[in-house]
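Topology and contacts: notes
Chain residues, written in single-letter form:
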Amino acid sequence: MAPTWPAYAQAEFDTKAKFAILMDADSGTIIFQKDADEPLEPASMAKLMTVAVVFSELRAGSIKLSDEFFISENAWRTGGAKSGGSTMFAILNSKISVEDLLRSVIIQSGNDAAIALAEGIGGSESSFANMMNDKAAEIGLTGSHFVNPTGLPDPDQYMTARDLALLARYLIETFPEQYHIFSEDSFTWNKIKQENRNSLVDLGIGVDGLKTGHTEAAGYGSVVSTAEGGRRIIGVVHGLKSMAERTEEARKLITWGSRSFERVSAFPKGTIIAYANVYGGVDGSVGLVGEGDVALYLPKGSRKCLQASVVYQGPLMPPVVEGDKVAELRVFCDDKLVQTAPLFAAKSVEPGDIMRKATDAVKQLALGWL
């Protein structure tokens, strides 16, 4: 179920970006979105998935930071200096540690480094792309497909702004010990120093990640995050006309999200917010909870206008698994949608016996649901 674009936020904030989204990292709450579920060419922002796979392989012990990977002719020619794209300037037939390749991908957006990691881990770019797609499915990205580790243009490689935000959230929450790399200001290889391509890192506004991207066809985009304002938020903008415009629109979005809202505590972790009907289950309903504490992030001065509703496609059909996302909390201010937050099943509900199903069938028919 795709959330509706918050109308209040649309009225209060606008952006030149063709695609945009602003997410509260703790709860997954969407504060602002603009064509967030439309497929886009992610360019180098696709490297966030490359990084996710590498981080996962490191955690699993399949590779080590000290392992050295070979710079093949494919990595050197497709992603090196001769390609004209972002590069580490790796030397053909050399060996480079996973740690240095990883830093290049994150800080320099090195295409040669991304290819070397893909070949070193998966054997080939295509095999590694399969790992990227498996990881996307594991994270729950429903609007993404990968065919290479670099983000170089391919009609079969796409993401959505929502998936980019979800991927950023996954990296921040799952690999906190590695996240600091995204905020490092520069990286030097082959005696060539390159600044972090995310220019917002140096603006002094608290941005500490994550990735930029650009192709001629797609324009300029950025995935950014900050913990300024007492909470972590994640923003995505894409489809902009220049580096300067990308920097300004990302800055505007992340600053607006940090400063224009106040946090209102609503439901502590584990609190049943509402119930959803279950057809033919051992239980006739299941409680709905947020992901951790559910707080409302409201435009300052708007507390008195609040209304809320819970939306789901129901009745739910068993088995319902505890932790499954099954509904959405929608918060309104003066009849305008200002926030959405995912809701999850508080417990599992197994299928009931034939008597339960028969009883529920009569109830559903009476309610007009079947």
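Residues numbered from 1 in each chain as written. Predicted model: local features only at pLDDT ≥ 70, side-chain atom pairs only at ≥ 80, totals over all residues. Heavy atoms only, no water.

So, on to the packing of helix H6 (residues 125–139) against helix H7 (residues 161–174). At a minimum axis distance of 11 Å, the contact between H6 and H7 shows a crossing angle of 85 degrees. Our classification of the angle between H6 and H7 gives roughly perpendicular. Facing H6, whose interface residues are Lys135, Glu138 and Ile139, H7 presents Leu166, Leu167 and Tyr170. (Axes fitted to C-alpha atoms, helices over the stretch in contact; angles between N-to-C directions. Helix = DSSP H or I, 4+ residues; strand = E, 2+ residues; numbered from the N terminus. Parallel < 35°, antiparallel > 145°, perpendicular 65-115°, else oblique. Contact = heavy atoms within 4.5 Å.)

Owing to its 3.6 residues per turn, the α-helix aligns residues three or four sequence positions apart on the same side. The end-to-end C-alpha separation of H7 is 20 Å, in line with the 20 Å expected for 14 residues at 1.5 Å each. Counting buried residues in H7 gives 11 out of 14 residues, a clear majority hidden from the surface. Taken together, the buried positions of H7 are occupied by Ala161, Arg162, Asp163, Leu164, Ala165, Leu167, Ala168, Arg169, Tyr170, Leu171 and Ile172. (Expected span 1.5 Å × (residues − 1). Buried < 20%, exposed > 50% of the residue type's maximum accessible area, 1.4 Å probe, protein only.)

To continue, consider the packing of aromatic side chains. Inspection of every chain in the model, using the stated rule, returns four aromatic pairs. Aromatic pair Phe32 and Trp256: ring centres 6.0 Å apart, planes at 80 degrees, arrangement edge-to-face. Within this pair, whereas Phe32 is found in strand S2 (residues 30–34), its partner Trp256 is found in helix H8 (residues 243–259), the two being separated by 224 residues in sequence. In this structure Trp256 comes out as buried when scored by relative accessible area, which is 12%. Note on Phe55 and Phe175: the rings are 5.2 Å apart at their centroids and 55 degrees apart in plane angle, and the pair reads as tilted. Residue Phe55 is found in helix H2 (residues 47–60), and its partner Phe175 is found in the loop between H7 and strand S5 (186–189); the two are separated by 120 residues along the sequence. Accessibility expressed as a relative area gives 2% for Phe55, which makes it buried. Judged by its relative accessible area of 2%, Phe175 falls in the buried class. (Phe/Tyr/Trp six-rings, centres within 6.5 Å; stacked < 30°, edge-to-face > 60°.)

On to the confidence of the model for the chain. Per-residue confidence for the chain gives a mean pLDDT of 87; residues scoring 70 or more make up 90%. No element of the chain has a lower mean pLDDT than helix H9 (residues 354–367), at 43, and none a higher one than H2, at 98. Overall, residues 1–11 carries pLDDT values under 50, and its contacts beyond four positions in sequence, including any with other chains, amount to 35 contacts. Contacts from residues 356–370, a stretch scored under 50 in pLDDT, to residues over four places away or in other chains number 21 contacts. (pLDDT = per-residue confidence, 0-100.)

Turning our attention to the pattern of salt bridges. Per the counting criterion, the structure on display carries 16 salt bridges. In this structure, Asp24 engages Arg231 in a salt bridge whose closest nitrogen and oxygen atoms are separated by 3.6 Å. Of this pair, Asp24 sits in strand S1 (residues 19–24) while Arg231 sits in the loop between strand S8 (219–226) and strand S9 (233–240), and the two are 207 residues apart along the sequence. Each member of the pair, Asp24 as well as Arg231, carries the same accessibility label: buried. (Salt bridge = Lys/Arg side-chain N within 4 Å of Asp/Glu carboxyl O.)

This part is about the pairing of S1. Of all the six residues making up S1, six are buried; the element is thus mostly covered by neighbouring parts of the structure. Residues Phe19, Ile21 and Met23 line one face of S1 and the alternating positions Ala20, Leu22 and Asp24 line the opposite face, and both faces are buried. Pairing between S1 and S9: six bridges, direction antiparallel. Its bridge partner being in S9, Ile21 is matched across the sheet by Val236. (Pairing = 2+ DSSP bridges.)

In this structure, Thr215 sits in strand S7 (residues 207–215). Note: C-alpha distance between Thr215 and Thr255 (40 residues apart in sequence) is 26 Å. Within the structure, the side chain of Thr215 is placed 3.1 Å from the backbone nitrogen of Ala218, a separation counted as a polar contact. (Polar contact = N/O pair within 3.5 Å; in protein donor to acceptor, adjacent residues only side chain to side chain.)

Compared with the 21 Å implied by 1.5 Å per residue over 15 residues, the 21 Å span of H6 between its first and last C-alpha is a close match. Those residues of H6 that fall on the buried side of the exposure criterion are Glu125, Phe128, Ala129, Met132, Asn133, Lys135 and Ala136. An end-on view of H6 places all buried positions within 160 degrees of arc, on one side of the element. Seen from the open side of H6, the exposed residues pointing more than 90 degrees away from its buried face are Asp134, Ala137 and Glu138. Lining the buried residues of H6 we find H2, helix H3 (73–79), helix H5 (111–122) and H7. Remark: Gly140 follows H6 within two positions and exhibits a positive phi of approximately 100 degrees. (Arc of directions from axis to C-beta.)

Our focus in this paragraph is the nonpolar core. By size, the foremost hydrophobic cluster in this structure holds 60 residues, and its most contacted members are Val54, Phe55, Leu101, Leu171, Phe182, Leu210 and Val223. Secondary structure elements with two or more residues in this core: S1, H2, helix H4 (98–108), H5, H6, H7 and S9. In contact with Leu101, other than residues within four places in its own chain, are Phe69, Ile71, Met88, Ile96, Ala113, Ala116 and Leu117. Of all hydrophobic cores here, the second largest spans 22 residues; its members include Ala276, Leu298, Leu316 and Val338. (Core = buried A, V, L, I, M, F, W, Y, C linked by side-chain atoms within 4.5 Å.)

Before going further, it helps to spend a moment on the packing of H2 against H7. Relative to each other, H2 and H7 sit at 30 degrees, their axes nearing to 10 Å. Considering the angle they form, H2 stands roughly parallel to H7. Classified by chirality, the crossing of H7 by H2 is left-handed. Along the contact surface, H2 presents Leu48, Met49, Val51, Ala52, Phe55, Ser56 and Arg59, while H7 presents Leu167, Tyr170, Leu171 and Thr174. Here the residues of the contact of H2 with H7 are counted per class, giving eight nonpolar, two polar and one charged. (Left-handed = near helix turned anticlockwise from the far one by under 90°. Nonpolar A, V, L, I, M, F, W, Y, C, P; charged D, E, K, R; others polar.)

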